[in-house]
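Results of the structural survey
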Amino acid sequence: MHEAPSQRHAPHDDPNEAGPSRRSVLWTAGAAGAGLGLGGLSSAPAAAAAPAAEGTAAAPAATGRTMIGVPFERRGTVRVGIIGLGNRGGSMIDLFLAMPGVRVVALCDPVKEKTAKAAGKVTAAGQPAPAVYTHGEHDYENLCARGDLDFVYAATPWDRHFEMAKAALLHGKHVGVECPLALRLDQLWELVDLSERTRRHCMQLENCCYGRNEMRVLRMAHAGLFGELLHGAGAYVHDLRGLMFDPKYYEGPWRRLWHTRLRGDLYPNHGFGPVAGYMGLNRGDRAVRISSMGTPALGLAAYRTDHMPAGDPSWKESYIGSDRTISLVQTAKGRVIRLEHDVSTPHPYSRINSLGGTKGLFEDYPERIYLEPDHSNDEWGDFGAYAQWDHWLWKEHANPPGGHGGMDYLLVFRLMQCMRLGLVPDFDVYDAATWTAPVPLSDLSIRANGAPQEIPDFTRGLWKKARPGMDSPKPEE
């Protein structure tokens, strides 16, 4: 797992590591279309902008029953299939293998060397040799069709998440994907409908929701320490220029090419997910509209000029993705959430992670807090003094193993715990769709000079009822 040592718990967004360019051909749709515009996000180009451009207030008619509050089926062993074994999938398999009551049954990746390496980890952990699927770009469908799987985990390039989640649901499997869930609003709605019809959960596996600071702020907010919540902020500010131009890191240019296609926030989930939890979005409040603005796209071209040799394929690319996007999301209760995205200019890592209310404010990077009546004289307080508000997961796992400061481990632990014990998951398909909606909507807003875009109510009106989420109590084993 490649991670700059100076980055504090930087979420690893790339599911592919070094290797032959075959993956970029097999699992990166439209890679050759470096100048692809918004229409390239749809198999029917005219449909790409339609869901947002025509308004999203009216939800399509439901085809199934809500998945809100639906528990997993209790089981003694959770049988897992993993699609994608690059950087992300190749490291996350270690965490699945470390969990009690979990078996890794099947693996899929068109790069056979990666599948073989992962299969070796499974047998080294004392589990039976997994089935492997390495035959072409659609072999994941055969994995999903297996009768001995309970959960499918997909860690692949972004434009494959939708079809893999869809295949898993249609074959009766619960599914979790890395972010973003999908890239178009119609795809988000289709996954919501499929989850409801198949009675299977479809989740965005957002590791940042399980960060120690995020979970502490969550509990403090829900206990009323910030008073009435007013505003929050989240971001993905991560200098990825070197990695995006490194042929030994990303298999092919798939990640960089998204900067030739979209102008908006390509990666809102790490910032949006935690703040959505603080404010109880889809649990008493909801995101209703987003307005976005973006800077010129100069950073990647400047980096290319300074670092890439003449004749490198990247010189054929024209970048349109804003170096920094800033979006404002308003909720039904009138709260405001600021989202930022910047992966193409020099800066230290930050997710911003801020929350403010009538009694005070928390800001991260660096962490600091100001709450009445604890603090006065316009001086920040010590966030470490609030350790008693740590979530039970962090009290039970004080030094969790794995990447990103342990939040990857806690994500997998909690998910597998919910599946084994038959609990309601901490987040669901409605959260996944909400957290991902800024990808297409921020692009539309920027192209429309910041005009607000309505965010769909993926719950179809059920957001008004408060319900548990990331703050669920510790279960009895």
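Just so you know, these numbers come straight off a predicted model, no measurement behind them.

1. Comments concerning the packing of helix α6 (residues 161-170) against helix α7 (residues 185-198)
How two helices sit against one another is set out by the angle between their axes and by the gap between those axes. Two elements in contact, α6 and α7, have axes separated by 10 Å at closest approach and are oriented at 15°. Classified by the angle between their axes, α6 and α7 sit roughly parallel to one another. Crossing handedness for the pair α6 and α7: left-handed. In contact with Phe-162, Ala-165, Lys-166, Leu-169 and Leu-170 of α6, α7 contributes Gln-187, Glu-190, Leu-191, Leu-194, Ser-195 and Thr-198.

2. Quick notes on the sheet that holds strand β14 (residues 453-454)
Strand order in this open sheet of 8 strands is β13-β12-β11-β7-β10-β9-β8-β14, and the pairing throughout is mixed. Among the strands making up the open sheet, the edge pair consists of β13 (368-371) and β14. In this sheet, strand β10 (residues 336-342) lies alongside strand β7 (residues 229-237) in parallel orientation, the contact comprising 7 bridges. Across the sheet, the residue bridging to Gly-234 is Leu-339, located in β10.

3. What about the side chain of Thr-115?
By the secondary structure assignment, Thr-115 is in helix α4 (residues 112-124). Residue class for Thr-115 comes out buried when judged on its relative accessible area of 2%.

4. Observations concerning the packing of aromatic side chains
Within the structure shown, the criterion is met by 15 aromatic pairs. Ring centres 5.5 Å apart and planes at 85° place the aromatic pair Trp-158 and Trp-254 in the edge-to-face group. Of this pair, Trp-158 sits in the loop between β4 (151-154) and α6 while Trp-254 sits in helix α10 (residues 254-257), and the two are 96 residues apart along the sequence. Trp-254 carries the same exposure label as Trp-158, and that label is buried. Ring geometry for Tyr-249 against Tyr-250: centres 5.1 Å apart, planes inclined by 75°, an arrangement best described as edge-to-face. Here Tyr-249 falls in the buried class, since its relative accessible area comes to 4%. Exposure remark for Tyr-250: the relative accessible area of 2% places this residue in the buried category. In textbook terms, an aromatic cluster arises when at least three aromatic residues are bridged by ring pairs, as seen for Trp-158, Tyr-236, Tyr-249, Tyr-250, Trp-254, Trp-258, Tyr-267, Tyr-349 and Tyr-365. Directly above the aromatic system of Tyr-267 lies the positively charged group of Arg-255, at a separation of 5.4 Å from the ring centroid. When the ring centre of Trp-315 is taken as origin, the NZ or CZ atom of Arg-304, which lies over that ring, is 4.7 Å away.

5. Considerations on the nonpolar core
Judged by nonpolar contacts, the single largest core of 106 residues is most densely connected at Phe-96, Phe-151, Tyr-210, Phe-226 and Met-416. No other element matches helix α14 (residues 407-421), which puts 10 residues into this core. Sequence-distant contacts of Phe-96, that is, excluding residues within four places in its chain, are made with Val-80, Ile-82, Val-102, Val-104, Phe-151, Tyr-153, Val-412 and Met-416. Of all hydrophobic cores here, the second largest spans 22 residues; its members include Leu-266, Val-343, Tyr-365 and Val-439.

6. A few points about the pairing of strand β5 (residues 174-177)
Neither face of β5 is left uncovered, since the one carrying His-174 and Gly-176 and the one carrying Val-175 and Val-177 both have all their residues buried. Relative to β5, β4 is paired through 4 bridges, and the arrangement is parallel. Note on β5: the bridge partner recorded for Phe-151 is His-174. You can see the chain leave β4, run along α6 and come back into β5, and the turn it takes is right-handed.

7. Let's talk about helix α3 (residues 87-98)
For α3, the tally of buried residues reaches 10 of 12 residues, placing the bulk of the element in the interior. Along α3, the positions that sit buried rather than exposed are Asn-87, Arg-88, Gly-89, Gly-90, Ser-91, Met-92, Ile-93, Leu-95, Phe-96 and Leu-97. Check the buried side of α3 and you find it contacts β1 (78-83), β2 (102-108), α4, β4 and α14.

8. Focus on the pattern of salt bridges
Enumeration according to the criterion identifies 29 salt bridges in this entry. Glu-340 serves as the salt-bridge partner of Arg-324, at 2.7 Å between the closest nitrogen and oxygen. Taken together, the positions of Arg-324 in the loop between α12 (299-307) and β9 (325-331) and Glu-340 in strand β10 put the pair 16 residues apart, joining distant regions of the chain. Note that Asp-342 is salt-bridged to Arg-324, the shortest N-O span being 3.1 Å. Note that Asp-342 is positioned in strand β10 and Arg-324 in the loop between α12 and β9, a separation of 18 residues in sequence. Look at Asp-342 and you get buried, because its relative accessible area is 3%. With a relative accessible area of 24%, Arg-324 lands in the partly exposed category. Where salt bridges share partners, they join Glu-73, Arg-75, Arg-79, Asp-150 and Arg-200 into one cluster.

9. Section: the environment of Trp-389
Looking at the secondary structure, you find Trp-389 in the loop between β13 and α13 (392-396). Taking relative accessible area as the criterion, Trp-389 reaches 21% and is therefore assigned partly exposed.

10. Quick notes on the pairing of strand β8 (residues 287-294)
Note: β8 against β9, 7 bridges, orientation antiparallel. If you follow Ala-287 over to β9, its bridge partner there is Thr-331.

11. A few points about the confidence of the model for the chain
Summary statistics for the chain give a mean pLDDT of 89 and a share of 88% for residues scoring 70 or more. Scored below 50 in pLDDT, residues 1-7 makes 14 contacts in the model with residues more than four places away or belonging to other chains.

Parameters at a glance
Residues numbered from 1 in each chain as written. Predicted model: local features only at pLDDT ≥ 70, side-chain atom pairs only at ≥ 80, totals over all residues. Heavy atoms only, no water. Axes fitted to C-alpha atoms, helices over the stretch in contact; angles between N-to-C directions. Helix = DSSP H or I, 4+ residues; strand = E, 2+ residues; numbered from the N terminus. Parallel < 35°, antiparallel > 145°, perpendicular 65-115°, else oblique. Left-handed = near helix turned anticlockwise from the far one by under 90°. Contact = heavy atoms within 4.5 Å. Pairing = 2+ DSSP bridges. Buried < 20%, exposed > 50% of the residue type's maximum accessible area, 1.4 Å probe, protein only. Phe/Tyr/Trp six-rings, centres within 6.5 Å; stacked < 30°, edge-to-face > 60°. Lys NZ or Arg CZ within 6 Å of the ring centre and 35° of its normal. Core = buried A, V, L, I, M, F, W, Y, C linked by side-chain atoms within 4.5 Å. Right-handed = clockwise from strand over helix to strand, strands pointing away. Salt bridge = Lys/Arg side-chain N within 4 Å of Asp/Glu carboxyl O. pLDDT = per-residue confidence, 0-100.

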